[in-house]
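In case you want the letters, here they are:
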Amino acid sequence: MAQQHGVRFSYIDEELAVYRLLPPAPTLGLQEKLEYIQKNTRLKIAAISQQYYSVYNDKKMDKPLCGYLIDAETGAPIEHAAISIASLGITTASNTNGYFELPVLTPNTISIRHQGYTPKILSPQDLYVPECPQIALKVIAQQLTTIETQRYLASGISKSPSGTVTVKPGKFGILPGLTEPDVLQTMHQLPGVVSIDETVSNLNVRGGTHDQNLFLWNGIRMFQTSHFFGLISAFNPMVTTKIRISKNGSSAFFGESVSSLVDLSSHTQSIDSCYNAVAVDMISANFFSKVKLSNRSTLQAAGRRTFTDIVKTPAFKAYENRVFGSNIVTDLNEDQTVPVGANRDFYFYDFSLQYHQKIGEKHELIIDGIGLENQVDFIQQSGFLEKNSYLSQKNFGSSLHWQSQWNQRHQTQLQAYFSWYELDAENQAGNTRKTRQQNRVFNQGFKLREGFVLGQKYLLAIGYQLDEIQIKDMSQIDNPTLSSIDRQLSRTHAVVAESQYKSCDEKTQLQLGLRGNYFEKIKRFRLEPRLSVSQKITQHWTLSLLAEAKSQSLSQVIELQQDFLGIEKRRWALANGGDIPLQKSGQLSFGVSYSNNRWLLSVDNFYKKNQGISSKSQGFQNQYEFAELTGDYRIWGTEVLLQKSFPKFYTWISYAFNNNQYRFDRLSPAEFPNNTTISHAVGWAGTYESGKLKLALGARWHTGRLYTPPAGIIVDPVNPASPKISYTEANSARLNDFFQVNFSASRSWSFNANTALTTSLSLWNLLDQDNQVNRYYRVNLQRNTIESVDTYALGFSPNLGLRLQF
């Protein structure tokens with residue numbers, strides 16, 4: 001064109017490199033040709049003189065071809081997508097923020113592919129804009145029936161047809177009342193999971209107690225799962241990459257639990273995903289760092305600690321008051337509140353380490369370590385009585401994972417692990433005798449798993465596990481001086497076989513497993529089948545059937561609850577075939593779900609029976625507090641979830657009903673309501689996510705906790721100094737209903753591909769509702785009267801958070 005019309009053009013090559021255009025018809029005049037180019041590109045052409053023209057872009061660009069991939073429905077970033085220019089053989093991948101950039105400027109088309117999203121083709125001009133644009137990808141509709149594709153409660157949370165809920169904190173959206181994806185607080189949002197005292201150290205899944213849940217962190221069994229006496233999860237959300245929660249139909253490769261399974265992992269497949277982060281809120285400060293040692297190895301470290309020895313924030317004071325100052329003691333004879341004062345010194349910390357090494361093309365080694373501690377000195381004053389208490393809880397562990405991918409059809413996994421737990425507690429009332437209790441648990445073992453792919457439809461896995469638990473109990477009393485030490489040891493051998501089937505159209509999914517356990521200590525063998533079936537009957541309706549038999553040889557017994565004014569000391573104990581039997585459970589559930597047009601309806605009906613429970617593990621605070629009984633409980637119920645998502649707004653409502661009954665044959669009546677019974681529970685939340693702004697408002701309501709009222713006080717003429725309380729029927733009264741409203745907000749700013757700042761705000765118990773979560777009774781020996789001790793939930797608690805990732 002320049003030669004034909006005798007003109008010259010000046011331009012910068014990079015500004016024209018992204019355009020590909022058919023040449024204009026040679027019969028057109030110069031001005032018509034220039035208008036044609038400007039109309040079909042963003043180029044501007046300015047005449048410098050009659051023979052010289054300047055060609056430039058309409059906006060100055062000083063950046064590569066780049067963009068951010070997001071989920072079209074949730075706005076969550078999409079990582080591990082492949083962005084390629086096929087004609088040049090260039091491929092790159094999106095990072096954890098969904099960001100990518102191409103190393104060259106090109107006029108060739110750009111393709112974006114991800115296994116969970118519809119492929120997309122872009123023109124280079126779509127990326128040649130002043131800021132790196134957001135590119136929305138749509139989820140492949142047919143994959144909504146496969147594992148971890150159905151959004152559940154919030155972005156970053158998904159539910160599989162088998163009922164397993166998966167949480168990915170790195171993709172987490174927002175939930176009401178939380179400034180970060182707290183592992184156990186998130187679990188508390190699920191239908192069928194409640195806490196009778198509003199703590200994450202007492203999560204009751206379908207009627208079970210907290211110790212009946214199995215908590216694993218990278219294969220390490222965790223015996224201490226919370227900080228601040230249950231108000232905060234002990235697992236740093238900056239470290240954990242995936243959490244799997246199963247209420248039924250769990251894999252046969254998991255044992256030692258008669259309730260739910262919570263499997264936490266900080267492992268990643270990629271060596272390249274390295275970054276650093278620091279965060280602080282009004283409770284604690286933490287850090288995370290993952291560095292690349294070589295092209296095939298990484299080192300990861302993280303830590304978190306309270307800073308109460310420097311400053312006490314309003315949020316910390318609210319939490320502290322919930323733990324130590326939320327008890328109201330009332331003298332029932334005089335109907336007067338008894339003044340109770342307390343001084344305390346409290347702190348917690350946790351840390352984790354990980355080394356990841358790829359060896360050759362087939363092998364992989366990961367070494368993990370974790371540690372946490374809670375410690376409190378507590379001085380309680382009630383009238384003329386002063387109690388001095390000390391409590392320390394520690395849990396440290398490590399694991400080694402070795403994985404070999406021999407070929408596409410054969411994989412070997414080997415894991416060795418250990419976990420060490422210690423509870424140390426002291427209590428002294430005035431100048432009277434001092435008591436000390438120590439409970440230590442040491443758990444070690446290894447697992448071997450061989451996995452085989454049998455064609456396109458079948459998977460088979462077999463394995464073996466050796467698990468050893470050692471327990472040491474020590475008790476000391478002075479005045480008179482008494483001491484006792486008890487040591488226990490138990491080994492469990494387990495063989496496992498499990499198969500999976502998935503039809504070609506993915507409408508039918510089946511997982512069938514069998515676990516054989518041999519308990520050396522009590523010389524008992526037990527077979528435990530596991531079943532998970534999902535059948536898609538229409539495009540929108542899916543049926544599921546889950547069943548499992550499980551057992552547990554380790555449980556917690558609760559002693560000396562009043563020494564800490566209701567802050568119990570729980571110690572772990574092994575099944576001995578006597579007063580602490582082997583726990584056995586069986587569960588069956590049937591569910592139906594409907595998914596269409598961003599609506600999701602899920603209904604699950606279940607029945608569970610747990611045999612071999614000890615009364616000492618149930619936390620009785622009535623006439624059965626010191627009883628040594630064995631029995632069972634039966635629970636049946638329904639869990640319903642209805643949710644609807646819009647492009648930027650998301651809402652859900654859940655309802656759970658259950659009927660939960662104890663049976664102790666040696667009592668009269670033999671059957672009565674379970675301590676953990678919450679007959680009706682309703683949850684609601686609405687979230688708004690637009691770009692990097694997230695808002696969430698939610699409410700929870702449930703029927704009140706059961707308790708046992710006193711009938712009177714009994715004075716023994718032989719021992720009048722030790723009166724006792726006479727009670728009515730166990731769990732015959734109920735506290736007022738629980739109601740709470742929570743709010744959260746967060747905003748993120750990205751400064752470049754690797755640096756981002758997030759601020760967050762949470763308002764817990766927005767209405768400052770007085771929710772009573774416990775009531776028990778005790779005798780005031782100075783007055784020979786009955787006192788009621790009432791415990792209240794966390795009041796209005798604001799929290800601010802700041803997180804910098806770089």
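Everything numeric in this text was worked out from a predicted model, so none of it was measured.

A tally of helices and strands in the chain yields six helices and 54 strands. Residue burial in the chain is summarised as follows: out of 806 residues, 53% are buried. Residue pairs in contact within the chain that sit at least 24 positions apart in sequence constitute 63% of those at least 6 positions apart. In the form shown here, the chain has an accessible surface area of approximately 35300 Å², with 54% of it arising from carbon and sulfur atoms.

So, about the sheet that holds strand β6 (residues 90–93). The antiparallel open sheet is built from four strands, whose spatial order is β6-β5-β8-β9. Strands with a single pairing partner mark the edges of an open sheet, and in this sheet they are β6 and β9 (117–122). Across the sheet, the mean angle from the axis of one strand to that of its neighbour is 20 degrees, orientation sign disregarded. Of the pairings in the sheet, the one linking strand β5 (residues 82–85) to β6 comprises four bridges and is antiparallel in character. Paired with S84 across the strands is T91, a residue of β6.

Now for helix α3 (residues 30–40). Listed as buried for α3 are L30, K33, L34 and I37. The arc enclosing the buried residues of α3, seen along the axis, measures out at 100 degrees, which places them on a common side.

Our focus in this paragraph is the pairing of strand β31 (residues 434–454). In this structure, β31 lies alongside strand β32 (residues 458–477), joined through 20 bridges in antiparallel fashion. Bridging from a neighbouring strand, Q437 pairs with S475 of β32. Between β31 and β32, which pair antiparallel and follow one another directly, the connecting turn spans three residues, one of which, G455, has a positive phi of 80 degrees.

Bringing a nonpolar patch on the surface into the picture now. A cluster of nonpolar side chains, contributed by W599, L642, I653, W684, L697, F739, L766, L767 and F796, occupies part of the molecular surface with about 760 Å² of accessible area. Its place among the elements puts F796 in the loop between β53 (785–792) and β54 (797–805). Classification of F796 as partly exposed rests on a relative accessible area of 37%.

Let's shift gears to the pairing of strand β20 (residues 242–246). Two strands pair when backbone bridges link them, and strand β13 (residues 165–167) and β20 are joined in this way by three bridges, in the antiparallel orientation. Of the residues in β20, the one forming a bridge with V165 is I245. Where β20 meets strand β21 (residues 261–265), five bridges bridge the pair, whose relative direction is antiparallel. Pairing of I245 across the sheet is with V262, part of β21.

The next subject is the confidence of the model for the chain. Here the chain shows a mean pLDDT of 86. Residues at 70 or above account for 89%. Confidence drops under a pLDDT of 50 for residues 141–149, and excluding neighbours within four residues, the segment shows 23 contacts in the predicted structure.

Inspection of every chain in the model, using the stated rule, returns 23 salt bridges. Its salt-bridge partner being E468, residue R491 comes within 2.7 Å of it at the nearest N-O pair. You can see R491 sitting in strand β33 (residues 482–502) and its partner E468 sitting in strand β32, a full 23 residues away along the chain.

Right, let's get into the side chain of H227. As for its placement among the helices and strands, H227 is situated in strand β18 (residues 226–227). Here N374 takes part through its side chain, which lies 3.2 Å from a polar atom of the side chain of H227. Ignoring anything within four residues of it in the chain, the contact list for H227 reads I232, S233, A234, R304, F348, Y349, D350, L372, E373 and N374.

With that out of the way, let us pick up the packing of aromatic side chains. Two numbers describe a pair of aromatic rings. These are the distance of the centres and the angle of the planes. On inspection of all chains with the given rule, the structure shows 24 aromatic pairs. One aromatic cluster is present, built from ring pairs that chain together F620, Y624, Y662, F664 and F672. The residue whose ring lies beneath R206 is F606, and the NZ or CZ to ring-centre distance is 4.4 Å. The positively charged end of R449 is found above the aromatic ring belonging to F253, 5.0 Å away from the centroid.

What follows deals with the nonpolar core. Counting 67 residues, the largest nonpolar core has Y152, I157, M187, L190, W217, M222 and F228 as the members making the most contacts within it. The element that contributes the greatest number of residues to this core is helix α6 (residues 314–324), accounting for six residues. When neighbours within four sequence positions are excluded, M187 is seen to be in contact with V193, L203, V205, I245, S260 and V262. Of all hydrophobic cores here, the second largest spans 17 residues; its members include L69, I83, F100 and L122.

Scoring rules and cut-offs
Residues numbered from 1 in each chain as written. Predicted model: local features only at pLDDT ≥ 70, side-chain atom pairs only at ≥ 80, totals over all residues. Heavy atoms only, no water. Helix = DSSP H or I, 4+ residues; strand = E, 2+ residues; numbered from the N terminus. Buried < 20%, exposed > 50% of the residue type's maximum accessible area, 1.4 Å probe, protein only. Contact = heavy atoms within 4.5 Å. Areas by Shrake-Rupley, 256 points an atom, 1.4 Å probe, with all protein chains shown as cover. Pairing = 2+ DSSP bridges. Axes fitted to C-alpha atoms, helices over the stretch in contact; angles between N-to-C directions. Arc of directions from axis to C-beta. Patch = residues over 30% accessible without salt bridge, like charges linked within 9 Å, V, L, I, M, F, W, Y side chains within 5 Å. Salt bridge = Lys/Arg side-chain N within 4 Å of Asp/Glu carboxyl O. pLDDT = per-residue confidence, 0-100. Polar contact = N/O pair within 3.5 Å; in protein donor to acceptor, adjacent residues only side chain to side chain. Phe/Tyr/Trp six-rings, centres within 6.5 Å; stacked < 30°, edge-to-face > 60°. Lys NZ or Arg CZ within 6 Å of the ring centre and 35° of its normal. Core = buried A, V, L, I, M, F, W, Y, C linked by side-chain atoms within 4.5 Å.

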